[in-house]
Amino acid sequence: MIVPPKLEAGARVALVAAAGPIPEGGVERAMERVRSVGWEPVAGQNCRGRRGYLAGSDAERAADLNAALRDPQIRAVWFLRGGYGTMRILDDIDWPALARDPKPLIGFSDNTAVHLGANAVGVVGFHGPHPHTPEFPDFARDGLLRVLASAEPAGVLPFPPGGAERGETLAGGSAEGPLVGGNLSLLSATMGTPYAVQPEGAILFIEEVGESPYRLDRMLSHLTLAGVLDAVSGIAVGGITEVPGENGDALAREVLHDRLGRLGVPVAIGFPFGHIDDNWTLPVGLRARLDADAGTLALLEGAVA
């Protein structure tokens, strides 16, 4: 897996809206956030666009991303938000440009699709926080820099202060393998496409927001029928948040136990990534170790050069 150069102070970082429209003031907040970590923001020409539930037309959103991928002065792309729409432009992205000049693609949720595309051409992706959000705690900032500003392996990832100190064991054991995954909806939706997750021997990580328990069940069942869950060596579950319905959180937990607990691989839940403020940055495609007994996830390779 190809890793990009590390991000130095002053690196030019493109802000791209590949999915949903950005709320008023979100681009300005994102630009300040980029500066707060020592980089220089470059807002995409169309990043304030709006077409219904999309941040502009497919052509406009793809144009902003491709302009950043083709510009040697841009050293990273930070996606402004998720929502929906990144899948629509996957075939329009200049993946050879990314392979020729690898640079971090940072984001999560709907931008899982971009990480899948990057992995398909052999380039690591970066599942991490979005810059437009109202909150960006030090924990998320430090995690971003830990992975993107240092070529050293991050090792065992810390948990946020004041909360759980480890993940919860669902099925014991430990495993090593490439870290792949992201948002469950996108992992399910891209099955059968050239961008489908590559699960063989991998540590699969999943997160989700706003989905009913039966929909979580359906998507996990889809991955089971597609052979994904039989192929992985371990599973790490992050935030499964904003579950609707009475007793939604409890029912979602039952789904996780039912669909993941009998696979015969290590599984741990409750890791700090996903639709939460204290959001880990995870290099998608590089080797990791999941210790489900200890409730830890360790990054074994440097994610940048």
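Since this is a predicted model, take the numbers as computed values, not measurements. (Residues numbered from 1 in each chain as written. Predicted model: local features only at pLDDT ≥ 70, side-chain atom pairs only at ≥ 80, totals over all residues. Heavy atoms only, no water.)

> Give a description of the overall build of the chain that names residues and reports values.
Across its full length, the chain holds nine helices and 14 strands. Here the C-alpha atoms of the chain give a radius of gyration of 18 Å, agreeing with the 19 Å that 2.2 N^0.38 yields for 305 residues. Relative to its full complement of 305 residues, the chain shows a buried share of 56%. For the chain, the proportion of contacts with a sequence separation of at least 24, taken over those separated by at least 6, is 79%. The averaged location of the 37 negative side-chain charges in the chain is 5 Å from the averaged location of its 25 positive side-chain charges. (Helix = DSSP H or I, 4+ residues; strand = E, 2+ residues; numbered from the N terminus. Rg over C-alpha atoms; globule rule 2.2 N^0.38 Å. Buried < 20%, exposed > 50% of the residue type's maximum accessible area, 1.4 Å probe, protein only. Contact = heavy atoms within 4.5 Å. Lys, Arg positive; Asp, Glu negative; His and termini not counted. Charge placed at Lys NZ, Arg CZ, Asp CG, Glu CD.)

> Run through the environment of P137, naming residues and quoting values.
Structurally, the position occupied by P137 is in the loop between β5 (125–127) and α5 (138–148). For P137, the contacting residues outside a window of four places in its chain are D277 and D278.

> Quick one: what's the story with the sheet that holds β5, residue by residue and with numbers?
Sheet strands pair by backbone hydrogen bonding; their relative direction is either parallel or antiparallel. Read across the open sheet, the six strands follow the order β2-β1-β3-β4-β5-β12; overall the sheet is mixed. Taken across any chain shown, the strands that pair with only one partner, and hence form the sheet edges, are β2 (40–43) and β12 (282–284). Ignoring strand direction, the axes of neighbouring strands in this sheet form an average angle of 30°. Strand direction decides the pairing type here: β5 and β12, joined by three bridges, are antiparallel. Considered in β12, the bridge of F126 is made with P283. Contacting β1 (12–16), β2 and β3 (74–79), helix α1 (residues 26–36) crosses the sheet at an angle of about 155° to β2. (Pairing = 2+ DSSP bridges. Axes fitted to C-alpha atoms, helices over the stretch in contact; angles between N-to-C directions.)

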